[in-house]
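As a plain string of letters, each chain reads:
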2 protein chains.
Amino acid sequence: MLRTNNCGELNISNVEQIVTLSGWVQKNRDMGGMTFIDLRDRYGITQLVFNMETNAELCEQARKLGREFVIQVRGLVIERESKNKKISTGEIEIIVDSLTILNKSKTPPFTIEDDTDGGEEIRMKYRYLDLRRNPLKENLMLRNKVGFAVRSYLNKMEFMEVETPYLIKSTPEGARDFVVPSRMNPGTFYALPQSPQTFKQLLMISGYDRYYQMVKCFRDEDLRADRQPEFTQIDCEMSFVEQNDIIEIFEGMAKYVFKEIKNIDFKEDFPRIKYDDAMRLYGSDKPDIRFGMQFVELNDVTQNKGFKVFDDAELVVGICATGAATYSRKVLDKLVKFVQKPQIGAKGLVYVKCNEDGSFKSSVDKFYSQEDLKAWADKVDAKAGDLILVLSGDTDHTRNAMNELRLEMGERLGLRDRNNYAPLWVVDFPLLEWDADNERFHAMHHPFTSPKIDEMHLLETDPGKVHANAYDLVINGVEIGGGSIRIYDKDMQSQMFTHLGFTKEEAQEQFGFLMSAFEYGAPPHGGIALGFDRLVAMFGGTDSIRDYIAFPKNNSGQDVMISSPAGIADGQLEELGLTVNAPEEK
Amino acid sequence: MLRTNNCGELNISNVEQIVTLSGWVQKNRDMGGMTFIDLRDRYGITQLVFNMETNAELCEQARKLGREFVIQVRGLVIERESKNKKISTGEIEIIVDSLTILNKSKTPPFTIEDDTDGGEEIRMKYRYLDLRRNPLKENLMLRNKVGFAVRSYLNKMEFMEVETPYLIKSTPEGARDFVVPSRMNPGTFYALPQSPQTFKQLLMISGYDRYYQMVKCFRDEDLRADRQPEFTQIDCEMSFVEQNDIIEIFEGMAKYVFKEIKNIDFKEDFPRIKYDDAMRLYGSDKPDIRFGMQFVELNDVTQNKGFKVFDDAELVVGICATGAATYSRKVLDKLVKFVQKPQIGAKGLVYVKCNEDGSFKSSVDKFYSQEDLKAWADKVDAKAGDLILVLSGDTDHTRNAMNELRLEMGERLGLRDRNNYAPLWVVDFPLLEWDADNERFHAMHHPFTSPKIDEMHLLETDPGKVHANAYDLVINGVEIGGGSIRIYDKDMQSQMFTHLGFTKEEAQEQFGFLMSAFEYGAPPHGGIALGFDRLVAMFGGTDSIRDYIAFPKNNSGQDVMISSPAGIADGQLEELGLTVNAPEEK
């Protein structure tokens, strides 16, 4: 080893020891007679001292060391005069007697500090330097720690990790696949898995009972901040279980990881809320329940008073923002603008201020008496000093807009504390979702999800009303994972494909192997998949998964550091039997 | 849960309990008044009893259960009359009082038994049924266990798991890449990684110090039994280390895993042997040292006696097979045939029997006196009763042939016991290897491997003589892993690319990002990659990695279960800007 110790472990108990350290020059301070260097490695920073009086030659050498030089030093650990309480090595420093430059460094294109001066693009190009910065390093250390905790729990619970293949078959259902041309079978393609769904179901049919895998998945979608073409999933499946069993096991996992990572004990069960209720009370299937501010439907107290906007609305819905009656006109105007943003799309926002004197001031005073407004306030449980915010329109859009407004108000009122965690389960999702563009239903979760048996009869008459044995784990408004109890009967699966618009032939061609497997003793089974990138980001307290991935792609799917994707040699194309089409004229 | 217990855990201590079990019907024996069913799950087999006298209806139902039906039963645990000592549940059985058929099964296309009647092809097509068989199930359970042990050790040693990208860039160096067309960047391609080599080196430059990853790698090569297009690597890298440090850490890992998996304690250090010595003594860079039978070079005692074959040979080399002097003419003829096989390619084989009476009988008695043969015997340390086997020719081919013969003799003499493990390190590999086809050198390990500094000067004059800081871990003749200390200096890396026949432009285009990274403070670093599939197969005692992979490909790179690879939709091709070429006329 080119060191006896790392830069994060020496303390007062090591005084008088001769040590060898290796690391990077974080800072070089020439104080005239003395030169101080902060030496950095993965574990921390240790202060090195060079003294002009005792060793002028060495001190001269030290003065010339630039930032990010890699050096090896030997020296004596001594107690520091002015201690730094902020770092674990702050009580000691090293009087260096020997210095070796292991490698030089050019001046980095941005500073390697917690707050850097480098823009996004340059930092992506030099990702290996950006990864030296503490915030990113801590993110990746957190990722490693969360990953190991997850595995430890699942291992303890007798889950077997089984690796499923990456070179599989493309299926047109769902998102777009990345494909891989086969040289040995010209004209044919593998696909990279969007998830190991069918393989994990086959493993249940094989009798493997409790499977997990931390596995890369791939989706060729247009990208945004919280999406990457490749992402990591904690993929799990169990046999001989019902919905409640899976929820219990994975709630246990979440609790275990919270304890390991954050030292938080969740003593109570996570709340469970039905999808329909989540939509009604929060306008979202991933409600942030760190705060209340639930929706209250106000149709009965707002309609038929001559206000046409409300009278014509399918839904009039309000929330009560505690203590916000003092909001100025300017702030209220901002809220109106907020809900009118195109991505939210509300036409307007009605507010009622509940004054301290018991009177009400609203933006619709023309249409509603003080008594009317009192009825609203009673209904939303608003007290003096509170602000009632009301939206109206067709149900889906209004709920969606109110969800955004509620989250915005939660933010404004400081109710979304990053150090407060509020997990819950959303259960009983609808089985099908109407796809207006293609005028057909598609599976809300995926085509292998089982319907609630007692609603099966609605499949023929009112398919949108059928609920599924499907559930999501949501923490602080982020969908961390989702799963379902699967169909394990060939006829039911075949029926489901029909309802999803597959012809018999398509179903057979794409999923024939699975339906065939169902005929050889498929056990009842179900599972869940958790987004590992999101889970780690949630523990890290941010939304951007990119900061928790060592080498992410940009929004064009490119890795600008290695210049990928790129052209390939003509010989490669020829071997694959492919021609790249000429670019189309625009 | 659809069970209170699994089928492997009930024993005499559970007698009198009411339990619910779920599983597969392994066997159904109708004994007239009684019906016995072996119920199977991942954990074991439990015997169920149905009694015609006490519950005729239930017993009738049970009689009709076919093999591989999935059932749920409730019943009373009782002590068995005739105990089965072979299984953990063999002291008890369940008197069933309630039976539910969870799913039926058609008759499987082959029997789900340890020794099945199914051929390779049918078992691959129904892999999910083949995976039900104990041998495969145990292989995958072993894989899970080895994987977790590896992670536990590396975690304890402060290695961080960091995931590197799967969508990277194609480089013409080395084996063929699988490529992935980019829809967002038409005409360009990602490549699937053959290994995360450059990324792990970048992580060292980022200061991450101790990295590991259990990661899928991809090579588009023609396949054989122990090769798969996708395989799993235990990929590791460390900074501030020398060769010896890496060997110590990963020898520690091997010992830890041997202890966890096999309860074997390796108290001594693994032997280390130089590549040149391994070739001289075993004719192989992955010697099986469970037995001796080292090569002895016999040129001095065999040449210039008038036997032209030997006189013309660059190398005459012998081994001593202890106690094999009794081999019949027939067996000796078999050995001659063995070495003459095209894949071994020796012209002939000379033998000398060391008779019990001290005389010698050889296949070249015409040319050599008893005294001559005595000199051979002395040199190879042959005693009365031993057999000396001698091959000759040019050095490389002869060593290679003798390696095969030695392994064959080891097998014949029962010296290659599967339960005996003999690990060793082969060190100091040559840096470069002459590629006769392309008339150039290529990197024996990879282009990032550092040369021995004191041999650097030979790079210009005699490049084949330069050794590298490269090492392999070999167990029982199988290369389990290999690694090297890397180059971390831009100029040296650039020089290396030149020696490997890269132009400056090619080097820059393919590996510019790495050489650029070397300029910003790259620490000394090195690493190792272990073949996880092979490691597990080695613990399982076989060579075929396919039996340790849940869903392997066949020799044509196909998954016949899911019919992959396959054609893709025209729309997909169009989006990717690709045309599949018409098949060429032959």
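As the structure is a computational prediction, the values presented were derived from the model and not from experiment.

Details of the interface of chain A and chain B
1) Next: At the junction of the two partners, chain A supplies 123 residues and chain B supplies 123 residues.
2) Next: Carbon and sulfur atoms supply 58% of the area that chain A and chain B bury against each other, a total of about 11,100 Å² over both sides.
3) Next: Residue Asp222 of chain A pairs with Arg183 of chain B through a salt bridge whose shortest N-O separation is 3.2 Å.
4) Next: Our count for the chain A to chain B interface comes out at 76 residue pairs in polar contact (both at pLDDT 80 or more).
5) Next: Counting residues per element, the side of chain A that touches chain B draws most heavily on helix α4 (residues 134–156) of chain A, at 10 residues.
6) Next: Of the residues in the side of chain A that touches chain B, the class split is 63 nonpolar, 31 polar and 29 charged.
7) Next: Note that strand β23 (residues 578–580) of chain A and strand β23 (residues 578–580) of chain B share 3 bridges and pair antiparallel. Paired with Leu578 of chain A across the bridge in β23 of chain B is Val580 of chain B.

Quick look at the relation of the copies chain A and chain B
1) Next: Superposition of chain A onto chain B requires a rotation of 180 degrees combined with a translation of 0.0 Å along the rotation axis, giving an RMSD of 0.0 Å. Both chain copies can therefore be described as sitting about a two-fold axis.
2) Next: In this assembly, 100% of the residues forming the interface of chain A have copies in chain B that are likewise at the interface, indicating an isologous arrangement.

Considerations on the environment of Leu458 of chain B
Residues and elements named next belong to chain B.
1) Next: With respect to the element layout, Leu458 can be found in helix α13 (residues 458–461).
2) Next: Sequence separation between Leu458 and Ser362 is 96 residues; the distance between their C-alpha atoms is 44 Å.
3) Next: Not counting the four nearest positions on each side in its chain, Leu458 is found in contact with Pro463, Lys465 and Val466.

Some points on the packing of aromatic side chains
1) Next: Enumeration over the complete set of coordinates arrives at 58 aromatic pairs over all chains.
2) Next: In textbook terms, an aromatic cluster arises when at least three aromatic residues are bridged by ring pairs, as seen for Phe258, Phe266, Phe270, Tyr421 and Phe539 of chain A.
3) Next: Sitting over the face of the ring of Phe291 of chain B, Arg406 of chain B holds its NZ or CZ atom 4.0 Å from the ring centroid.

Some details on helix α5 (residues 197–205) of chain B
Since the α-helix turns once every 3.6 residues, residues separated by three or four places project in the same direction.
1) Next: Taking burial as the measure, the 9 residues of α5 of chain B include 9 buried ones, the bulk of the element.
2) Next: As for α5 of chain B, its buried residues are in contact with β1 (18–30) and α3 (127–130) of chain A together with β9 (210–218), β10 (230–239), α15 (504–517) and β22 (525–531) of chain B.
3) Next: Residue Gly207 of chain B follows α5 of chain B closely and has a positive phi angle near 90 degrees.

Conventions used here
- Residue indices begin from 1 for each chain and proceed along its sequence in written order.
- Starting at A for chains and at 1 for ligands, labels are handed out in the order in which the entities are written.
- Note on the predicted model: pLDDT of at least 70 is required for a residue's local features to be given, and 80 or more for side-chain atom pairs to be given and counted; whole-chain, interface and lining totals, by contrast, use all residues.
- Water and hydrogen atoms play no part in the side-chain values, which are based on all heavy atoms of the structure.
- Residue contacts are defined here by distance: any two heavy atoms, one from each residue, within 4.5 Å place the two residues in contact.
- When two parts are put together, the accessible area they lose, computed with a 1.4 Å probe and summed over both, is reported as buried area.
- We define a salt bridge as a contact between a side-chain nitrogen of Lys or Arg and a carboxyl oxygen of Asp or Glu at a distance within 4 Å.
- Each polar contact in these results corresponds to two N or O atoms within 3.5 Å; when the atoms are within protein, one needs to be able to donate a hydrogen and the other to accept it, and residues that are neighboring in sequence are counted only if both atoms are side-chain atoms.
- Comment: elements are numbered from the N terminus, with helices defined as DSSP H or I runs of at least four residues and strands as E runs of at least two.
- Each residue gets one label: Ala, Val, Leu, Ile, Met, Phe, Trp, Tyr, Cys and Pro are nonpolar, Asp, Glu, Lys and Arg are charged, and the others, such as Gly, are polar.
- A pair of strands is treated as paired once DSSP finds two or more bridges between them.
- For this overlay, a least-squares fit was computed on C-alpha atoms, restricted to residues scoring pLDDT of at least 70 in both copies.
- Side-chain rings of Phe, Tyr and Trp, where Trp is taken by its six-membered ring, are said to pair if the distance between their centres is within 6.5 Å; with planes under 30 degrees apart they count as stacked, over 60 as edge-to-face, and otherwise as tilted.
- Comment: the charge-over-ring label is applied if NZ (Lys) or CZ (Arg) is within 6 Å of the ring centre and within 35 degrees of the ring normal.
- Categorising residues by exposure relies on relative accessible area from a 1.4 Å probe, with only protein chains included: less than 20% of the type maximum marks a residue as buried, more than 50% marks it as exposed, and the intermediate range marks it as partly exposed.

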